[in-house]
Amino acid sequence: MIDNQIIATVIVHLFIAIVQLMFWRKSTAQRFLSVGGSILALILAFKLFFKVYDGEILTMNAANWKAPFGIVFVADLFSSTLVLLTSIAGLAVSIFSCVGVGRQRILYGYFPIFHFLMMGLNGAFLTGDIFNLYVWFEVIIISSFVLMTLGGRKSQLEGAVKYMAMNILASTFFLTGIGILYGISGSLNMADLAMRIPKIQNQALVEITATFFLIGFGIKSAVFPLYFWLPSSYHTPPSAVAATFGGLLTKVGIYALFRVFSLLFIPNHFTKELLVILAVLTVLTGAFGALIKTNIRRLFSYLIVCHIGFMIGGLGLYSKWALLGAIFYLIHDIMVKTNLFLMAGVIRQLRGTMDMNKLGGLYAQYPKISLLFAIVLFSLVGIPPLSGFWPKIYLFKDAFQLEKYAFAGALIIGSFITLYVIAKMWAQVFWKDAPQPEIIEDKFAKMIGYRKTMLLLPVIILASASLYIGFNAEAIIHLADRIATQLLDTSPYINAVLGGQN
Amino acid sequence: MNLMLSFIWVALTGSMYYSNFLFGFLLGFAILWIMNKNEADQRYFYRVPKTVSFILFFLWEMIVANVQVAYDVITPKFFIKPAIVKYPMDAKTDLEINLLSTFISLTPGTLILDVSEDKKTLFIHVMYMKSKEQFVSTLKNNVERRLLELLR
Amino acid sequence: MNSTILQTATRYLLPILLLFSVFLLLRGHYYPGGGFVGGLVASIAFVLHSFAFGTQNTMKLIQYKPLSLIPIGLGVAAVSMFLPTFFGYPVMTGLWLEEKIPVIGMIGTALFFDLGVYFVVIGVVLTILFTIALNKEEE
Amino acid sequence: MTLTTYFDYVILPILTISVILAFIRLYKGPQIFDRVIALDLIITIGIGIITVYSIRTSQEVFLDIAMILALIAFLGTIAFSFYLEKQSNDD
Amino acid sequence: MMTDITLAILSTIGALAILFASIGILRMPDFYLRLSVTVKAATLGVGLLLICAAMTFPDVSVTTKAIAIGFFLILTAPVAAHMIGRAAYIQRVKTWKGTTLNDLEKEGQLDCRKENF
Amino acid sequence: MELILVLLIGILYAAGIYLILRRSMVKLLLGIMLLGNGTNILIFLLGNIIKGKPPIIDPDLKVFTDIYADPIPQALILTAIVISFGLTSFAIVLLKRVYALLGTDDLDDLNTPEEEDI
Amino acid sequence: MLFTVLSGLITSSLIVPFGRFLKTKWGFILAFLPVLLFLYFTKFVVPIGQGSYFVQSTAWVPSLGINLDFKLDGLSLLFALLITGIGACIFFYANAYLKGQKYIDRFFGYLCLFMSAMLGLVLSDNMLLLFIFWELTSISSFFLIGFNNDQEDSRKSAMTALSITGLGGFFLLAGFVLMGNIAGTYNISELVDKVSLIQQHPLFPLIFGLVALGAITKSAQFPFHFWLPGAMKAPTPVSAYLHSATMVKAGIYLLARFSPILGGNPIWMYSLMIIGGITMLYAAFHSLFRTDLKGVLAYSTISALGILIFLLGLGSKEAVIAASVFILVHALYKAALFLITGIIDHETGTRDLTVLQGLRKVLMPVAIAGFLAALSSAGVPLTFGFIGKDLIYEATLHAAPSLFLYLTIAAVATNILLVSAGFMAGIKPFIGRLPEQFDHIHLPYKSLWIPPLLLAILGVIFGCFPGFVGDWISGPTANSILAQQEVFHLKIWHGFNLILLLSAITILVGTLVFISNTPSHKKLVWIATFEKISPANIFNACAHEIELFSAFFTAKMHNGYLRSYLLKIILFAELLIGYQLYLGGPLHIKWDTLSPVSFYEVTTVCILIGAIVLTIRTSSRLTAVVATSVVGYAICLIFVFYSAPDLAMTQFTIDTLTVVLFVLVLFKLPSFLNLANRRTIIRDAVVAIIFGMLLSMVALRVLHEPTTTDISDFYGDYAYVLAKGKNVVNVLLVDFRGFDTMFEIVVLSIAALGVYSLLKLRLKSSDKE
Ligand code: NA
Ligand code: NA
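The model shown is predicted, which means the values in this text are computed figures rather than measured ones. (Residues numbered from 1 in each chain as written. Chains lettered and ligands numbered in written order. Predicted model: local features only at pLDDT ≥ 70, side-chain atom pairs only at ≥ 80, totals over all residues. Heavy atoms only, no water.)

Asks: Please clarify how the overall build of chain E should be interpreted in this entry.
Replies: Each helix and strand in chain E was counted, giving five helices and one strand. Walking chain E from its N terminus toward its C terminus, one meets helices and strands in the order α-α-α-β-α-α. A total of 117 residues make up chain E; the buried ones form 66% of that total. Restricting the contact set of chain E to residue pairs at least 6 apart, pairs at least 24 apart contribute 64%. (Helix = DSSP H or I, 4+ residues; strand = E, 2+ residues; numbered from the N terminus. Buried < 20%, exposed > 50% of the residue type's maximum accessible area, 1.4 Å probe, protein only. Contact = heavy atoms within 4.5 Å.)

Asks: Please clarify how the UniProt feature "transmembrane region" (unreviewed entry) in chain F should be interpreted in this entry.
Replies: Residues and elements named next belong to chain F. This chain's UniProt record puts "transmembrane region" (unreviewed entry) on residues 6–21, 28–50 and 75–95. Counting secondary structure, residues 6–21 comes out at 94% helix and 0% strand; the distance between its end C-alpha atoms is 23 Å. The span residues 28–50 carries 83% helix and 0% strand; its end-to-end C-alpha distance comes to 33 Å. (UniProt positions renumbered as here; feature names shortened; annotations may be inferred.)

Asks: Before we go on, may I ask you to explain the arrangement of the chains in this structure?
Replies: Contacts between protein chains span 14 pairs of chains, and they are most numerous for chains A and G. Spatially, chain E and chain F are disjoint, and the shortest separation between their C-alpha atoms is 13 Å. There is a clear gap between chain B and chain G: no contact, and 15 Å between their nearest C-alpha atoms.

Asks: Just checking my understanding: could you explain the nonpolar core for this structure?
Replies: Looking at soluble globular proteins, one finds that nonpolar side chains tend to be buried together. One finds A:Tyr110, A:Ile130, A:Phe300, A:Trp390, G:Phe176, G:Met179 and G:Phe743 to be the most contacted residues of the largest nonpolar core, which totals 794 residues. For this core, the leading source of residues is helix 16 (residues 317–348) of chain G, giving 21 residues. The residues contacting A:Tyr110, other than those within four sequence positions of it, are A:Val93, A:Ser97, A:Val101, A:Arg105, A:Leu147, A:Leu150, A:Ala240 and A:Val241. Counting residues in each nonpolar core, the second largest holds five residues, with A:Ala8, A:Val12, A:Ala41 and A:Leu44 among its members. (Core = buried A, V, L, I, M, F, W, Y, C linked by side-chain atoms within 4.5 Å.)

Asks: Is there a simple way to explain the coordination of the sodium ion (ligand 2) in this structure?
Replies: For a metal bound by four donors in tetrahedral geometry, the ideal donor-metal-donor angle is 109.5 degrees, whereas six donors in octahedral geometry ideally sit at 90 or 180 degrees. Coordination of the sodium ion (ligand 2) by the protein involves F:Thr79 (OG1), G:Thr741 (OG1) and G:Glu744 (OE), with metal-donor separations of 2.2 to 3.0 Å. Here F:Thr79, found in helix 3 (residues 71–102), pairs with G:Thr741, found in helix 32 (residues 738–760), and the two come from separate chains. (Donors = N, O, S within 2.8 Å, 3.2 Å for Na, K, Ca; no water.)

Asks: Explain the interface of chain F and chain A to me, please; I cannot follow it from the model alone.
Replies: One widely used convention gives an interface's size as the accessible area the parts lose upon coming together. Listed as interface residues are 37 residues of chain F and, on the opposing side, 45 residues of chain A. On the surface where chain F and chain A come into contact, there are zero salt bridges. Contributions of two or more residues to the side of chain F that touches chain A are made by helix 1 (2–20), helix 2 (25–46) and helix 3 of chain F. Considering only residue class, the side of chain F that touches chain A consists of 24 nonpolar, six polar and seven charged. (Salt bridge = Lys/Arg side-chain N within 4 Å of Asp/Glu carboxyl O. Nonpolar A, V, L, I, M, F, W, Y, C, P; charged D, E, K, R; others polar.)

Asks: So what exactly am I meant to see when it comes to the packing of helix 4 (residues 74–97) of chain G against helix 5 (residues 104–123) of chain G here?
Replies: Each pair of packed helices can be summarised by the angle the axes make with each other and by the distance between the axes. Residues and elements named next belong to chain G. Remark: helix 4 packs on helix 5, axes separated minimally by 9 Å, with the N-to-C direction vectors making an angle of 170°. By the angle between their axes, helix 4 is roughly antiparallel relative to helix 5. Facing Ser76, Phe79, Ala80, Ile83, Thr84, Ile90, Phe91, Ala94 and Asn95 of helix 4, the residues of helix 5 in contact are Ile104, Phe107, Phe108, Leu111, Cys112, Met115, Met118, Leu119, Val122 and Leu123. Split into classes, the residues belonging to the contact of helix 4 with helix 5 amount to 16 nonpolar, three polar and no charged. (Axes fitted to C-alpha atoms, helices over the stretch in contact; angles between N-to-C directions. Parallel < 35°, antiparallel > 145°, perpendicular 65-115°, else oblique.)

Asks: I keep staring at the interface of chain A and chain G and nothing clicks. Help me out?
Replies: Across the contact, 125 residues belong to chain A and 105 residues belong to chain G. Summed over both partners, the interface of chain A with chain G buries about 10,400 Å², with 74% contributed by carbon and sulfur atoms. Counting the surface chain A buries against chain G, the share from its top three residues, A:Trp65, A:Phe69 and A:Trp431, is 8%. Here chain A and chain G share two salt bridges between them. The shortest N-O distance in the salt bridge between A:Arg196 and G:Asp710 comes to 2.7 Å. (Buried area = accessible area lost by both parts, 1.4 Å probe.)

Asks: I would appreciate a short explanation of the packing of aromatic side chains in the present structure.
Replies: A ring pair, where both rings are aromatic, is described by two values, the distance of the centres and the angle of the planes. Residue and element names in this part refer to chain A. What the rule picks out here adds up to 97 aromatic pairs over all chains. Here phenylalanine 174 and phenylalanine 213 contribute two aromatic rings whose centre-to-centre distance is 5.8 Å and whose plane-to-plane angle is 65°, an arrangement assigned as edge-to-face. Taken together, the positions of phenylalanine 174 in helix 7 (residues 154–185) and phenylalanine 213 in helix 9 (residues 203–220) put the pair 39 residues apart, joining distant regions of the chain. Overall, the relative accessible area of 0% leaves phenylalanine 213 in the buried class. (Phe/Tyr/Trp six-rings, centres within 6.5 Å; stacked < 30°, edge-to-face > 60°.)

Asks: I'm lost on the pairing of strand 2 (residues 110–115) of chain B in this one. Help?
Replies: Two faces, one strand: in a regular strand the side chains alternate between the faces of the sheet. All names here are of chain B. Across the six residues that make up strand 2, a large majority, six, are buried. Note that strand 2 and strand 3 (residues 121–126) share five bridges and pair antiparallel. Along strand 3, the bridge assignment pairs isoleucine 112 with isoleucine 124. Joining the antiparallel neighbours strand 2 and strand 3 is a turn of five residues, in which lysine 119 adopts a positive phi near 60°. (Pairing = 2+ DSSP bridges.)

Asks: What is the right way to look at the side chain of D:Thr51 in this model?
Replies: Counting through the fold element by element, D:Thr51 comes out in helix 2 (residues 32–57). In this structure the side chain of D:Thr51 is engaged in a polar contact, spanning 2.6 Å, whose partner is the backbone oxygen of D:Ile47. (Polar contact = N/O pair within 3.5 Å; in protein donor to acceptor, adjacent residues only side chain to side chain.)

Asks: Explanation requested: the pairing of strand 2 (residues 66–72) of chain G in the structure shown.
Replies: Residue and element names in this part refer to chain G. Burial of strand 2 is extensive: seven of the seven residues sit out of reach of the surface. On strand 2, burial covers both faces: Ile66, Leu68, Phe70 and Leu72 on one face and Asn67, Asp69 and Lys71 on the other are all buried. With six bridges joining them, strand 1 (residues 54–61) and strand 2 adopt antiparallel strand pairing. Residue threonine 58 lies in a different strand from strand 2, and its bridge partner there is leucine 68.

Asks: Explain a positive patch on the surface to me, please; I cannot follow it from the model alone.
Replies: On the surface, A:Arg25, A:Arg103, C:Lys65 and G:Lys760 cluster together into a patch of positive charge. Here A:Arg103 lies in helix 4 (residues 103–107). Among the residues examined, A:Arg103 registers a relative accessible area of 48% and is labelled partly exposed. (Patch = residues over 30% accessible without salt bridge, like charges linked within 9 Å, V, L, I, M, F, W, Y side chains within 5 Å. Areas by Shrake-Rupley, 256 points an atom, 1.4 Å probe, with all protein chains shown as cover. Lys, Arg positive; Asp, Glu negative; His and termini not counted. Charge placed at Lys NZ, Arg CZ, Asp CG, Glu CD.)

Asks: What should I look at first to understand the packing of helix 16 of chain G against helix 18 (residues 384–397) of chain G in this one?
Replies: Residue and element names in this part refer to chain G. Direction vectors running N to C along helix 16 and helix 18 enclose 150°, while the axes themselves pass 8 Å from each other. Taken together, the axis directions place helix 16 and helix 18 in an arrangement best described as roughly antiparallel. Relative to helix 18, helix 16 is oriented so that their crossing is left-handed. Between helix 16 and helix 18, the contacting residues are Glu318, Ala319, Ile321, Ala322, Val325, Phe326, Leu328, Val329 and Leu332 on the first element and Phe384, Gly385, Ile387, Gly388, Leu391, Ile392, Glu394 and Ala395 on the second. Looking at side-chain class alone, the contact of helix 16 with helix 18 contains 13 nonpolar, two polar and two charged residues. (Left-handed = near helix turned anticlockwise from the far one by under 90°.)

Asks: Help me out: how do you make sense of the pattern of salt bridges in this one?
Replies: Side-chain pairs of opposite charge can arise where the charged atoms are in close proximity. A complete count under the given rule lists 23 salt bridges over all chains for this structure. A salt bridge links A:Lys404 to A:Glu273; the nearest nitrogen and oxygen atoms lie 3.3 Å apart. Taken together, the residues span a long stretch of sequence, with A:Lys404 in the loop between helix 17 (389–401) and helix 18 (405–431) and A:Glu273 in helix 12 (residues 269–292) at a distance of 131 residues. Assessed through its relative accessible area of 28%, A:Glu273 is described here as partly exposed. Taking the shortest distance from any N to any O, the salt bridge between F:Asp106 and F:Arg23 comes out at 2.6 Å. On the criterion of sequence distance, the pair formed by F:Asp106 in the segment after helix 3 and F:Arg23 in the loop between helix 1 and helix 2 is long-range, its members being 83 residues apart. Relative accessible area serves as the criterion here: at 22%, F:Arg23 is assigned to the partly exposed category. It is possible to trace a salt-bridge network through shared partners that takes in F:Arg23, F:Asp106, F:Asp108 and G:Arg563.

As structure tokens, then:
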């Protein structure tokens, strides 16, 4: 079925960005455009989501060339869900940015680039062409470079250099992989590749190719021992940016890993073992890092790494439940991690610092905001029945079922350390009295109501989403279940793209 | 200039249709119009044929001079006597100076290093210089005069 | 840089390069060339001008900020990309006018798309180079 | 001996040897100026090689590349000169 | 046949000119000499090769293209040579010991240039 | 001939990797550029490479009549080249800024202790 | 039942907006919530005592098998009554205790949450649901313990409590999931039917271990007991609630609940008996040395919990009934003692046993309550404690012949010490001479002293009428634990027998210990020297070590040096690719498929290589740029040779532009320094060369694969016919794969914007975000 609606969100963000570029230096107009456009994108994402919810897979043959000759966009449930989540997170960040991002940055193109980034994310989720995916990845990384350096402070630039070097290296691996893949199969369309790859005689070569993708996407998704860019950089940009990064960037890597390793390269025994081992190490690395960091954003950065391990582990187990768990976790993680960094931004507005040693007294001064944050933090930890809890059960389930006890252990350690550090953070940031109350610069208190709302509303939106995920876990499980089914049985995908012609 | 651009356009596209020429003309006109909006100097170069003939002459000069250098290069011993010479120009306009220097530079053995601030003298690097006076006068009479004749 | 020779040469090279860039742009569908190379050559023309006359003067020559070329180019490309949707085709479908136009040949969305690419490339290259150059002058 | 083989076995080798020689200068330096002019020469020879190759393969499209080279190659040299002129210490 | 022979001759001369330029750049003792030798010889050589190309392809388009290329080369090569030569001089790149006369240095041109930057 | 290109690919990658492991930011950049080139050649080589037959249809014909070079890798590389140009130019400027701020291009110096300037 | 659980949750969430009313004098109304709940549960005493049970199930997350399954049987009922009953006392008490406290609304919010979590925990008939409430109790207790969050100690204690119970919680979850995997259900009632399946599974020890870890951490068993004394930092009502009847008993409840499923085997028996035995002795011994009233209570609580674990481990009928009774006994007297401690603390401002004495003169009703509670804890006849202790001794005496002696000795020793501890807490502060500093003290509000008095009196009433309790409460409880139906009848008087003798000895010796043991700080210091190797310290040391290791590991991995990161990434890639290549088998070059070598190409490649070498080796940046551009131009030539004119053009223009860019930027940079030593250079070179070789090998392998060209053939066939272009590459770029191009120019645009902002934007210091 040909349907332009599939890439509607992409188009919306593209046009918002272009129009905003035309309104260069008109910060108010850009703010309105951004929020309005994000709302529109969200509506479209919902429409798309409900369209594919029943299992139908929509495709759009760009330029009217039937697959595999043109670039095809595919909306299956996995991609539509991620588009939806991205749109929710995007709207939240967009609202937050109106107040949370300084005027100077807005005047120098913050919003257009943010929308380019959103466009890149949506495109990456929707494309059905491996090289096109590369292009989307490049859109994403270049916008993230720019957002990361926007403002040009020293620490930002230092982080950006490392971030950039490693991400470009990742792209190199990815592109090399594409080159090899084309060399062995002669196609770029993922569904077509899925048909061709099993027929390739030299399957060893396929495995080699898969390795390149594994490394490329592994870097993007911050898997051990490829994660270094993340803690080097995520603590440096403005919070709105960090929120987008923290919530969405690594997840594209995860998405790509899931997509590629379910559609193109069905993991063999070695790959599965490898992924599980990497997952365990990733969890531990993230957990250890989180344990010792005192800057809350650095702490969150390591938590991202830690939880990436959960998802990678789910992929490594490669069973229905494990995939379900990993996808559920992905859904939960996008909402929560975005919110965490937004929260860090609010804390910064409240206190002017993100160092736990210097923070304090928030609970006494802002009890309701603190409770709101507590919801976010508990969702992250997975205090049942909040959102982080459910997927872990599935992961445990199959970790035991498949006798991957190391992974089960890592799940326990990872979850526990998350709990521990968040409790520590709660004690330090919210409970403890501020050590030096005299030097606190509380911008928030001085703000007018509308600005306060703009800062808190996104946190509330995302927190509600987390709560929804937690309390209506059944629905999310159904969703993740369908996604996992679609990932495991790729024939509907292939049929939808190739129209049963092969 | 516009005409020249039209010619180049035709040369580029390689088809000598009327319409193509016209398009090239219009395009060239447009480009010049865009460019020259702010420029006082709007003189067009209209002596295309003369230029072409000069270029042919000059190609010949090049071949001749090349042989000399070639010989020096492939034989083990150098016969060079390099020098940097100050050369007073008669050429006045930018175009004249430019063509002169192009010519001098393209001839083996000589190379423009600099034009003085007042645009009256050239500094030329010479490979084979017997004496400064001889070099200057040869250049003046054989090359510069000829060029200026063509241009003026 | 203040070199008379360079300046004079640039006066002639600039239009030639621009012409050449348009040439590359228009013929891309049939021969090597296209929006990218065309745009690159065009921007090289201006870069050359900035070397000869200084970036400030080049900016004056162009009159518009090169940055503003970017949204224009993106807009042109994006519109030509989405025009087909109004006719019920998928995004990016090539639409062609029935008749041939002299010189340019067939006119279609692909050409407009290339034109957008052309503008974007010019805008991008000039923004980058001029920003650097002007920044250096400031320092 | 046909013209093709002549191009293949005489002209192109001469040109490639020339490139190698120019490259040796580029490699040796000693100064950046020498390298820049060696680069310039290499590109110019490149134009020649492309021209010959175009004749060899009867593909006139390659001449377009030669044209681009001819038009913009010198920009690199100009840029280097621009830099070198202003540079305070010898690199 | 006649064309072939002409082609062979022209191309040989062209190639040799280029070869000499390369030998020149390798052998010449100082920068100015190298610059001096290379630019024109190479331009000439390429020009001759272009003529060959123009002769090989029957089209007018190729001929005009070849001429255009040659024209561009002639237009740009000396400018480039001049620029780099000037830069070298401003940076006081050493001349060969055999250099007999140096007017530019005498004039003090160099110093006033430097002040401009 | 392919073997030589294969060798070349190896050398390009090796050189790129070697350079990005240096401490200088400029070398890092050069390394990235070399890696990009290596990738391009790799894509190029792994498609069907054919000499002297550009994928351009003869002006008088509507389809190819004889063998021609694979256009897909070319299109891919073109895209990749342009993209890496974008990245490179941004990276170069980033390098410039870092140098202006830190006064060094030594990558090891990019570790300003935790600070609050965001 | 669902509603009883939800009521607390709803109330606690209502407190967020409407909390202000708690600060008014009508705040006590909230206390009627537990009262109502208590009354609701008493309704079930009779039917359950008659052997029936109640279930309720509401679908929640059916696909995961998590439903709101609740089951009310004897065990649940006992706990539900304790939770709501003692809860009611606590609510009233706390309302008075915390009068005027600034954050009283929060306090009751947490308390409601905690109460309903506890209720949910004991009512759940689904493992995962139980776990959910289990975690909720951990979290809400975290907030309760850390209620005085401006104090460092409180925060630390809350952290410790949460850490230990939280860690246990995750083990528990793992155990539950594992059990669910094996049994195929999470429903606890259904699990009872699958005992053999579970117990015969090879992973049974793991399951048991995980579940037991959950239980013993929660119930503060050795060596995880140390969080409990720390948790005394909480306001006293909290301590009373958490440590008498609720939080710490959750572990007991868990083991009791799962004893029909996991119990009845040596692993269960020995491990629980050992843990429980050690804990009860260790903690009882430690309680002797405490000078803080709450400290005494804390350790005696741990000891009591140890007894319970010990009894559950023993698992005999006698033991189970003893446990069922002792749970109630302990809840009553311990809650009373805590509340009394709270009153003392509240009125005198100290809990130091070396100072407190003679308070009966000013706090008579409190003294009575204390006295009664102490007697009950000592197990003096006619108190409920006496019944409990009798049953314990009976259980130990009836244990296996090889064991009963040791077990009985342990039980007696523990109880002797507990007698002393109970007297210390309930009697010591009230006897003797009243210090002058306490002269001014008045009896506090009724709502403060009535609850402990009530509880203490209840202990006596139950002691006098044990049959009633046995029939309706403890009996059904024991039946649920044993998963059977039997009648237990408790009697006051068993006649003169060994047990009575032991009881007498216990009380006698215990009293002697109490009299001879005057609390002093010196002893505390003395015992503290032993604490250096206590579990708490070992745990702290471990935690510290872990933290050190984390710091070390993180610093080692993430050391701030980009090149080290890149090196690690590359090495990892080499390892993987190399291994895969190795798996691919040997490589044979098929010469016949390769095209002939031509001179000009070789030259081009040679120059390329030369340029690369120059790039690497030069110390001048500019030379490096020149060399890199040679690389680009040479590649451009390769593109020409292999029929890619578009590529060649683009590569060439872009290369030139890159040179320009470099030149513009490199303006002021210093030249390269040779910063690496020889070893590093060699190492990097080796790594790089290996990488290059691997890539070459991969490329070579791919070359030998037959190429499929159907797609490019399609482009060749239709580029003109359908897309109206003859330059297929360009047609690909603007039509077939136009999307790539569209977004690649977006990439370019973003880069340009980035450059622009990078160079132009200078933030003011005020513009941080
Ligand atoms: Na093109
Ligand atoms: Na493209």
